[in-house]
Amino acid sequence: MYFTDEFLFTGDTHLVVVGYLLIVMAFLLFVYVVVVLNKKNLKRRKKKKAMSVDDIGEDAYQDALQILDKARTDSLRILSRAQLKAQNVLRSTYAITQESRKELDDNLSEIYKKQAESLEDINKELLQSYKHAVQQGKEENIRTLYETTEAMKREALSGVDELKTAIKEETLGAKRALEGKIQMEYSKVENEVELYKQEKIKNLNNKIFDILSEVYSRVIMQDLDQIKHEKLILELLKEEINKSGMGYTPNSTLRE
Amino acid sequence: MNEKIQSAVSKKFRSSFFSSLKTKEKANQASDFIRLVLQGMFSTDGFDIKKMAEKNYGDNVPSWFEVLEVELLEKGNSNVVRNFLLDLQEEISKVLLVKVELSFTPSDCFIENLYQIVGEIKSCGVDKSNFLLDFDVDNSITGGMKLYVGGKYVDVTLKSFLVGYLEKNDVISRYL
C-alpha cells in the first residue's frame, strides 16, 4: 500500500462507493422521469377535452417518446460521467492491482448492463403506461364524445320534437282555418246554387203552369158560351175582391 | 179667393145618370149628344131635345137619355139648362174610369152586373155616382178578364185561377 496526497482507497472501497453512487443516481433518474411524466400527463389531460381523440393519442405518444429519449440520454450521460470518474479514480490509485482493475471493470460493466436493462424495463413500463394513459384518455374522450353526442342528440331531438309539435299545431290550426274557410265558401256556393236551383225550378214550374193553364183555359172555353163565361167571370171577380180585402159588400143581387 | 163654384149637377142626378151610362162608350155618346144640344138650343128654328134624340138614335134611344130628359124638363130656363149641360159635360170628362180587359164584347147584362159589383167595392175610391167602365177587348186573354180599379189590379183571368189551383195542389210534385 502507498500513501499519497489524494484520498486513498482500496479496490473494494472504490467499487462500493461507485455502486452506491450509481444506485442513487438511478433512483433519482427514476423519480425524475415519473414526476415529469405525471406533469405531462396532467397537462395532457387538461388539453385533451379540447382535442380530438386522434390528436390526443398522437401527442401523448410523441411526448412519451421525447421523455424516454431524454431520460435515456440523461441516464447514459450520468453513467458515462460516473464511469469516467471511476476510471479516473482507478487510474490515480497506485495500489490497485491488475487483477483488481479487471474485477472493477467487470463490476462496472455488470452495473452498466444492469442499469441499461433497468432503463430498458423502465422504458417499456413507461411506454405501456403511456399507451394505457392514451388508451384511457381515448376511451374517456370517446365516452365524453359519446355523452356529448348523446346530449346533443337529445337536445336536437328535443328541439325537433318541439319543432314537430309547433309545426303540427300550426299545421292543424291552418288546416282548421282552411277547413272553416272552405266550409264557409262551400256553404255560400251551396246556398247560391240552391237559390239558383229554386229560381230555375220556380221559372220552370211557372212555364208549366202557364202551358197547362193555357191548355185548360182553351178546353174550358170550348164548353163555355158567353153567358156562362160572363157568369163565371163575375163569380171569380167577387171571389177575388173578397180575397183581396178591398171591402166588397154586395147589397143587391146580380141580374140573371 | 178661389171659391169653388157649385156644380149645377146634383149628386143624385149624377149618380143616376152615370148608372145609366155605365160605360165610357155610352158616356162619349152622351157627351156628343149634349154638345149637339148646346149647339142647337139657341137656334131660331126652335129646339126639341126628344126629336133630336130620335133623329140621332132612331128607335134605339139610349136609357141615359130618359134620365137626362127628365132632368132638363125640370129646369125650364134655357140658361139654366145650358149651365147644367156644361157642368154635366165637365163631370163626364172628369169621371173615374175603371178599366176592364176581356176577350169578348160584353153583354148589357154583364155590364150591368159588373157595374153593380164594382160599385159595391168600399175602397179604391169608387162609388155608384162617380165611375164608368172602360172596356177593352183583348184577344190574348183566353178567358176571364182583368180589372184596374183605383190604382189596383184585379186578375180575374181563367189562366190565373188555374195557375193558383195548380200551385195550391202542388200538381207538379204530385203528378209530373
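Residues numbered from 1 in each chain as written. Chains lettered and ligands numbered in written order. Predicted model: local features only at pLDDT ≥ 70, side-chain atom pairs only at ≥ 80, totals over all residues.

Considerations on the overall build of chain B
- Helix and strand counts for chain B stand at 8 helices and 4 strands.
- Listing every helix and strand of chain B by position from the N terminus yields α-α-α-α-α-β-α-β-β-β-α-α.
- For chain B, buried positions account for 26% of its 176 residues.
- Here the analysis covers contacts within chain B between residues at least 6 apart in sequence; of these, 71% occur between residues at least 24 apart. (Helix = DSSP H or I, 4+ residues; strand = E, 2+ residues; numbered from the N terminus. Buried ≥ 20, exposed ≤ 12 C-beta atoms within 10 Å, placed from the backbone. Contact = placed C-beta atoms within 7 Å.)

A closer look at the pairing of strand β3 (residues 144-149) of chain B
All names here are of chain B.
- When strand β1 (residues 96-102) meets β3, the two strands line up antiparallel, connected through 4 bridges. Looking across to β3, one finds that Val-100 is bridged to Leu-147.
- Bridge analysis of β3 against strand β4 (residues 152-157) gives 6 bridges, and the strand direction is antiparallel. Paired with Val-149 across the bridge in β4 is Lys-152. (Pairing = 2+ DSSP bridges.)

Topic: the nonpolar core
- Counting residues in each nonpolar core, the largest one holds 41 residues, and the members touching the most others are Val100(B) and Leu147(B).
- Ranked by residues supplied to this core, first place goes to helix α5 (residues 78-94) of chain B with 5 residues.
- Setting aside its immediate chain neighbours within four residues, Leu147(B) contacts Leu237(A), Val98(B), Val100(B), Val154(B) and Val156(B).
- Ranked by size, the runner-up nonpolar core spans 5 residues in total, among them Leu29(A), Val33(A), Ala71(A) and Ile122(A). (Core = buried A, V, L, I, M, F, W, Y, C linked by C-beta atoms within 7 Å.)

Here's the deal with the confidence of the model for chain B
Residues and elements named next belong to chain B.
- For chain B, per-residue confidence averages 85 on the pLDDT scale, and 92% of positions sit at 70 or higher.
- When pLDDT is averaged over each helix and strand of chain B, the minimum, 78, is found for helix α8 (residues 171-175) and the maximum, 94, for strand β2 (residues 131-137).
- Both confidence scores are given for the complex: pTM 0.54, ipTM 0.84. (pLDDT = per-residue confidence, 0-100.)

Things to note about the environment of Lys24(B)
Residue and element names in this part refer to chain B.
- With respect to the helices, strands and loops of the structure, Lys-24 is situated in helix α2 (residues 24-40).
- Linking Lys-24 and Phe-131, residues 107 residues apart in sequence, is a C-alpha distance of 9.2 Å.
- Sequence-distant contacts of Lys-24, defined by excluding residues within four places in its chain, comprise Leu-97, Leu-132, Leu-133 and Asp-134.

Things to note about the sheet that holds β3(B)
All names here are of chain B.
- On the basis of which strands lie adjacent, the open sheet formed by 4 strands has the order β2-β1-β3-β4 and mixed pairing. With one partner strand each, in any of the chains shown, β2 and β4 form the two edges of the open sheet. Each strand axis lies, on average, 20 degrees off the axis of its neighbour in the sheet, ignoring direction. (Axes fitted to C-alpha atoms, helices over the stretch in contact; angles between N-to-C directions.)

Notes on α5(B)
All names here are of chain B.
- The end-to-end C-alpha separation of α5 is 24 Å, in line with the 24 Å expected for 17 residues at 1.5 Å each.
- Residues Val-81, Phe-84, Leu-85, Leu-88 and Ile-92 constitute the buried set of α5. Considered in projection along α5, the buried side chains sweep an arc of 100 degrees and stay on one side of the axis. Turned more than 90 degrees off the buried face of α5, the exposed positions are Asn-79, Ser-93 and Lys-94.
- Of the surrounding elements, those touching the buried residues of α5 are α2 and α4 (63-75). (Expected span 1.5 Å × (residues − 1). Arc of directions from axis to C-beta.)

Notes on unusual backbone geometry
- Not every positive phi belongs to a glycine, and Lys22(B) is a case in point at roughly 70 degrees.
- Position of Lys22(B) among the secondary structure elements: in the loop between α1 (11-21) and α2.

Side note on the interface of chain A and chain B
- Residue-level contacts link 31 residues of chain A with 31 residues of chain B.
- Of all elements in the fold, only α3 (98-223) and α4 (226-244) of chain A reach the threshold of two or more residues within the side of chain A that touches chain B.
- Taken together, the residues of the side of chain A that touches chain B break down into 15 nonpolar, 10 polar and 6 charged. (Nonpolar A, V, L, I, M, F, W, Y, C, P; charged D, E, K, R; others polar.)

A short note on the confidence of the model for chain A
All names here are of chain A.
- Looking at chain A as a whole, its pLDDT mean stands at 76, while 79% of the residues score no less than 70.
- Of all the helices and strands in chain A, helix α2 (residues 53-91) carries the lowest mean pLDDT, 72, while α4 carries the highest, 88.
- With pLDDT under 50 throughout, residues 1-9 is counted as low confidence; its partners more than four residues away or in other chains account for 7 contacts.

Details of the packing of α4(A) against helix α6 (residues 108-119) of chain B
- Interhelical geometry of α4(A) versus α6(B) gives an angle of 5 degrees and a closest axis separation of 10 Å. Relative to α6(B), the element α4(A) is oriented roughly parallel. In this structure, α4(A) uses Glu230(A), Leu234(A), Leu237(A) and Lys238(A) to contact α6(B), whose residues at the interface are Phe110(B), Asn113(B), Leu114(B) and Ile117(B).
- Split by residue class, the contact of α4(A) with α6(B) holds 5 nonpolar, 1 polar and 2 charged. (Parallel < 35°, antiparallel > 145°, perpendicular 65-115°, else oblique.)

Description of the environment of Thr142(B)
- Note that Thr142(B) resides in the loop between β2 and β3.
- Once the C-alpha coordinates of Thr142(B) and Lys159(B) are considered, the two residues, 17 residues apart in sequence, prove to be 7.5 Å apart.
- In this structure Thr142(B) touches Glu214(A), Ser217(A), Arg218(A), Met221(A), Ser103(B), Leu158(B) and Lys159(B), once residues within four positions along its chain are discounted.

Quick look at the packing of α1(B) against α4(B)
Residues and elements named next belong to chain B.
- Interhelical geometry of α1 versus α4 gives an angle of 160 degrees and a closest axis separation of 7 Å. Here α1 lies roughly antiparallel to α4, going by the angle between them. The interaxial crossing formed by α1 with α4 has left-handed handedness. On α4, the residues touching Phe-13, Ser-16, Phe-17, Ser-20 and Leu-21 of α1 are Ser-63, Trp-64, Val-67, Leu-68 and Glu-71.
- Partitioned by chemical class, the residues of the contact of α1 with α4 number 6 nonpolar, 3 polar and 1 charged. (Left-handed = near helix turned anticlockwise from the far one by under 90°.)

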